[in-house]
Amino acid sequence: MKAILYTQYGSPDVLQLKEIEKPIPKEDEVLVKIHSASANAGDWHLLRGKPFLIRLMGFGLLKPKNQILGADIAGRVEAVGKNVKQFQPGDEVFGDLSEGGFGGFAEYVCAKESALVLKPANMTFEEVAAVPAAALTALQGLRDQGQIQPGQKVLINGASGGVGTFAVQIAQSFGAEVTGVCSTRNLDMVRSIGADHVIDYTKEDFTKNGQHYDLILDAAAYRSILDYKGILTPNGIYVFVGGSTAQLFQLMFLGPWISMTGRKKIVSLFMEPNHKDLVFIKELLETGKITVVIDRRYSLSEVPEAIRYLEQGHARGKVVITLEDN
């Protein structure tokens, strides 16, 4: 089978399209013929091995432990191990491989059955491949860390990106009043997916317009934590899910102090893939409460270009990989 491999940390230039052995599923695994995958910020962080903390988290100190990137996949089950109960050959599935070593930028992959769910019949492989990591990040950030409640005023910074587009819609599904922050070209799109209010960050500083929020989900952190603290309501919660490395370290040092010395909470999220949440997201998709925004499509051989584009930070929704032969 064909796969995109990387044997050293670096830029997208180190990615190579190679022919490798097709994997064989273990007793508790499913072999999936991949039709579509999607690229996430996690892919380029793992590709570059930055921030260095990633390497210390078990991904390989000097060189990558797993040589095939790609967490989000959608495809058709080709074979199952003898202990697999939920799936059979022919089933159309999607899921998140980040707990099992990634491997989505390839023609086939073996996955634990707990990493997969059945694809909604009303959606394409491309659409569902765009969902898992970004939607689970948005859900866990809003519900688990942010403790979202109906009627709350919620701000989504980075509302036009992969996580942001899902966060706007998930916050709406919980009954919140949602404000999305994005650039001029994305205002109409963010409005169209359900934001009650939109702020153009190129023309207005949302930390200085007098508005306060019960919950801020930040998928594009680039300013001081103290700026965000200033626009939280007295019991408000700020959740960091993506942004610059400088902001992450500032949050690691300042966040606990702010949270301990007052009622406002400053927290970060490291998404934890799990079957229950994936089923929850699938139900939101089936009922039309969330839809998928796809910016660009690339072939398997174009994965380096896809990651290069994603790294620029201006993707509108998700970047999808469609496998040519499938």
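Details of the structure are given in the entry above.
Anyway, here's the lowdown on the structure attached to this text. Model, not experiment: these values are computed from the prediction.

1. A few points about the overall build of the protein
Logical step 1: A count of helical and extended segments in the protein gives 10 helices and 15 strands.
Logical step 2: Relative to a compact globule of 326 residues, whose C-alpha radius of gyration would be 20 Å, the protein shows 19 Å and is just as compact.
Logical step 3: Dimensions of the protein, computed from the C-alpha atoms along their principal axes, are close to 60 × 45 × 35 Å.
Logical step 4: Across the 326 residues of the protein, 54% fall into the buried class.
Logical step 5: Pairs at least 24 apart in sequence give 68% of the contacts found in the protein among residues at least 6 apart.
Logical step 6: Positive and negative side-chain charges in the protein, numbering 34 and 37 respectively, have mean positions lying 4 Å apart.

2. Some words on the nonpolar core
Logical step 1: Within the largest apolar cluster, 49 residues are counted, with the highest numbers of intra-cluster contacts made by Leu-142, Ile-156, Phe-166, Ile-170 and Ile-281.
Logical step 2: With sequence-adjacent residues up to four places away left out, Leu-142 is seen in contact with Gln-147, Ile-148, Val-154, Ile-156, Ala-167, Ile-170, Ala-171, Leu-215 and Leu-217.
Logical step 3: Core analysis: the second largest hydrophobic core is formed by 45 residues, Met-1, Phe-102, Phe-105 and Tyr-298 among them.

3. Notes on the pattern of salt bridges
Logical step 1: Counted by the stated rule, this structure contains 16 salt bridges.
Logical step 2: The partner of Arg-308 in a salt bridge is Asp-13, with the nearest N and O atoms 2.6 Å apart. Taken together, the residues Arg-308 in helix α10 (residues 303–311) and Asp-13 in the loop between β1 (2–5) and β2 (16–19) connect sequence positions 295 residues apart.
Logical step 3: Taking relative accessible area as the criterion, Arg-308 reaches 33% and is therefore assigned partly exposed.
Logical step 4: Exposure remark for Asp-13: the relative accessible area of 62% places this residue in the exposed category.
Logical step 5: A network of salt bridges, in which partner residues are shared, links Asp-205, Lys-208, Arg-223 and Asp-227.

4. Some remarks on the packing of aromatic side chains
Two measures describe an aromatic ring pair: the distance that separates the ring centres and the angle between the ring planes.
Logical step 1: For the structure shown, the criterion picks out 3 aromatic pairs.
Logical step 2: Taken together, a centroid distance of 6.4 Å and an interplanar angle of 25° make the contact between Phe-174 and Phe-280 stacked. Placement of the pair is Phe-174 in the loop between α5 (162–173) and β9 (177–182) and Phe-280 in helix α9 (residues 275–286), with a sequence separation of 106 residues.
Logical step 3: Members of the aromatic cluster, joined through ring pairs, are Phe-206, Tyr-228 and Tyr-238.
Logical step 4: Looking at Lys-22, its charged tip hangs above the ring of Tyr-108, at a distance of 4.3 Å from the centre.
Logical step 5: In this structure, Lys-119 is placed above the aromatic ring of Phe-125, and the distance from its NZ or CZ to the ring centre is 5.2 Å.

5. Re the packing of helix α1 (residues 41–48) against α10
Angle between the axes and distance between the axes are the two parameters that describe a pair of packed helices.
Logical step 1: Interaxial distance between α1 and α10 falls to 9 Å at its minimum, and their mutual angle equals 105°. When the interaxial angle is binned, α1 and α10 end up roughly perpendicular. Across the interface between the two elements, Ala-41, Asp-43, Trp-44, Leu-47 and Arg-48 from α1 touch Ile-307, Leu-310 and Glu-311 from α10.
Logical step 2: Looking at the contact of α1 with α10 residue by residue, the classes come out as 5 nonpolar, no polar and 3 charged.

6. Quick word on α10
Logical step 1: Of the positions making up α10, those classed as buried are Val-303, Pro-304, Ala-306, Ile-307, Tyr-309 and Leu-310.
Logical step 2: Structurally, α10 contributes buried residues whose contacts are with β1, β3 (29–39), α1, β14 (294–298) and β15 (318–322).
Logical step 3: Count one or two residues on from α10 and you reach Gly-313, which has phi positive near 85°.

So, how was this worked out
- Residues numbered from 1 in each chain as written.
- Predicted model: local features only at pLDDT ≥ 70, side-chain atom pairs only at ≥ 80, totals over all residues.
- Heavy atoms only, no water.
- Helix = DSSP H or I, 4+ residues; strand = E, 2+ residues; numbered from the N terminus.
- Rg over C-alpha atoms; globule rule 2.2 N^0.38 Å.
- Buried < 20%, exposed > 50% of the residue type's maximum accessible area, 1.4 Å probe, protein only.
- Contact = heavy atoms within 4.5 Å.
- Lys, Arg positive; Asp, Glu negative; His and termini not counted.
- Charge placed at Lys NZ, Arg CZ, Asp CG, Glu CD.
- Core = buried A, V, L, I, M, F, W, Y, C linked by side-chain atoms within 4.5 Å.
- Salt bridge = Lys/Arg side-chain N within 4 Å of Asp/Glu carboxyl O.
- Phe/Tyr/Trp six-rings, centres within 6.5 Å; stacked < 30°, edge-to-face > 60°.
- Lys NZ or Arg CZ within 6 Å of the ring centre and 35° of its normal.
- Axes fitted to C-alpha atoms, helices over the stretch in contact; angles between N-to-C directions.
- Parallel < 35°, antiparallel > 145°, perpendicular 65-115°, else oblique.
- Nonpolar A, V, L, I, M, F, W, Y, C, P; charged D, E, K, R; others polar.

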